[in-house]
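Examining the three-dimensional arrangement
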Amino acid sequence: MQQKTQTNRLNKELQDFNERQKKGEDSGISILLVDQNITHWKGFINGPSDTPYGNGYFQVDIVIPPEYPYKPPKMKFDTRIWHPNISSQTGAICLDILKDEWSPALSIRTALLSLQALLCDPQPDSPQDAVVANQYKTQKDLFVKTAKEWTQNYASKNKQEEKVQNLVNLGFEVGKVREALLRFGYDEEQAANFLLGG
């Protein structure tokens, strides 16, 4: 019974996302299912323009546990990002609503919007990445410069399209290339290995 309730809830959330997108009310976030699996999504966040993440397009892996909506979704950034509350190595996120402050009244959409807000307002006193947090607190100009460089290098739509073209030039079909790159957070090497059957 709980699984049916969860599936109904997730289908409703998906429908809400789709309706908002059609109306142009997506607030710079979007989602898609991985392999048509209702419990594995990819979220996409446009970096807020007035931050070092502006013009970035960030991918978030979302795994929905069987206890959802009573337990939060497991989320991590697939796209590398330089931010005090996000691990620069693993993409793990430190955000209260993804832990103790989760409520069944929240949704995947509100979690993604909270991540987008976190990009605007880092919380260095509650860091996921101590090195980045220290830089944010003691060398703000260097932090901003590094965050912009990482956004350009890892979250630029132009760079992502370049990776698509590189793999298409190797003889792979464009649709399969995009799917593989999405699956692996635009890691070109992992996507190529997947396409080669490795």
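Looking at an unreviewed UniProt entry, the protein chain carries the name E2 ubiquitin-conjugating enzyme, with the source organism given as Paramecium pentaurelia. What UniProt states about the protein chain under its Sequence similarities (unreviewed entry) heading is, verbatim, "Belongs to the ubiquitin-conjugating enzyme family."

A few words on the pattern of salt bridges. This structure, assessed with the given rule, holds 9 salt bridges. Between Arg9 and Glu13 there is a salt bridge, with its nearest N and O atoms 2.8 Å apart. Residue Arg9 and its partner Glu13 are located together in helix H1 (residues 2–22), separated by 4 residues, close to a single helical turn. Taking the relative accessible area as the measure of exposure, Arg9 reaches 22% and is therefore partly exposed. Across the pair Asp78 and Lys76 runs a salt bridge, and its minimum N-O distance is 3.5 Å. Three or more residues are tied together by salt bridges with common partners; here these are Lys42, Asp61, Lys76 and Asp78.

Note: most residues except glycine have negative phi, and most peptide bonds are trans. In this chain, Tyr68 is followed by Pro69 through a cis amide linkage whose omega measures 10°. Within the secondary structure, Pro69 is located in the loop between strand S3 (57–63) and strand S4 (74–77). Phi is positive for Asp35, close to 50°, though the residue is something other than glycine. Looking at where Asp35 falls in the secondary structure, it is placed in the loop between strand S1 (29–34) and strand S2 (37–46). Positive phi is not limited to glycine here, since Asn55 has a value of about 70°.

A word on the environment of Asn46. With respect to the element layout, Asn46 can be found in strand S2. Considered as a pair, Asn46 and Asn8 are 38 residues apart in the sequence and their alpha carbons are 28 Å apart. Setting aside anything within four residues of it in sequence, one finds Asn46 in contact with Gly28, Gly56, Tyr57 and Gln116.

Before going further, it helps to examine the nonpolar core. Grouped together as the largest cluster of nonpolar side chains are 37 residues, with contacts concentrated most on Trp41, Met75, Phe77, Ile108, Leu112 and Leu115. Elements represented by at least two residues in this core include exactly H1, S1, S2, S3, S4, helix H2 (108–120), helix H3 (130–138) and helix H4 (140–154). Broken down by element, this core gets its largest block of residues, 6 residues, from H2. Apart from residues no more than four positions distant in its own chain, Phe77 is found in contact with Ile45, Phe58, Gln59, Val60, Ile86, Thr90, Gly91, Ile93 and Leu115. In this structure, Val164, Ala180, Leu181 and Ala192 belong to the second largest nonpolar core, which totals 13 residues.

The subject of this paragraph is the UniProt feature "domain: UBC core" (unreviewed entry) in the protein chain. According to UniProt, the "domain: UBC core" (unreviewed entry) feature falls on residues 5–156. Taken end to end, residues 5–156 is 36% helix and 18% strand, and its two terminal C-alpha atoms sit 38 Å from one another.

Attention now goes to H2. Taking 1.5 Å of rise per residue, the 13 residues of H2 would be expected to cover 18 Å, and the 19 Å separating its terminal C-alpha atoms lies within 8% of that figure. Within H2, burial applies to Ile108, Arg109, Ala111, Leu112, Leu115, Gln116, Leu118 and Leu119.

Along the chain, Gln139 falls in the loop between H3 and H4. C-alpha separation for the pair Gln139 and Leu14, spaced 125 residues apart in sequence, amounts to 41 Å.

Moving on, we get to the sheet that holds S3. As summarised here, the arrangement of the 4 strands in space is S1-S2-S3-S4, forming an open sheet in which the pairing is antiparallel. What marks the edges here is a single partner per strand, and that holds for S1 and S4. Within this sheet the neighbouring strands show an average axis-to-axis angle of 25°, counted without direction. In this sheet, S2 lies alongside S1 in antiparallel orientation, the contact comprising 6 bridges. The partner of Val34 across the bridge, within S2, is Asn37.

Reading the values: rules and limits
Residues numbered from 1 in each chain as written. Predicted model: local features only at pLDDT ≥ 70, side-chain atom pairs only at ≥ 80, totals over all residues. Heavy atoms only, no water. UniProt positions renumbered as here; feature names shortened; annotations may be inferred. Salt bridge = Lys/Arg side-chain N within 4 Å of Asp/Glu carboxyl O. Helix = DSSP H or I, 4+ residues; strand = E, 2+ residues; numbered from the N terminus. Buried < 20%, exposed > 50% of the residue type's maximum accessible area, 1.4 Å probe, protein only. Contact = heavy atoms within 4.5 Å. Core = buried A, V, L, I, M, F, W, Y, C linked by side-chain atoms within 4.5 Å. Expected span 1.5 Å × (residues − 1). Pairing = 2+ DSSP bridges. Axes fitted to C-alpha atoms, helices over the stretch in contact; angles between N-to-C directions.

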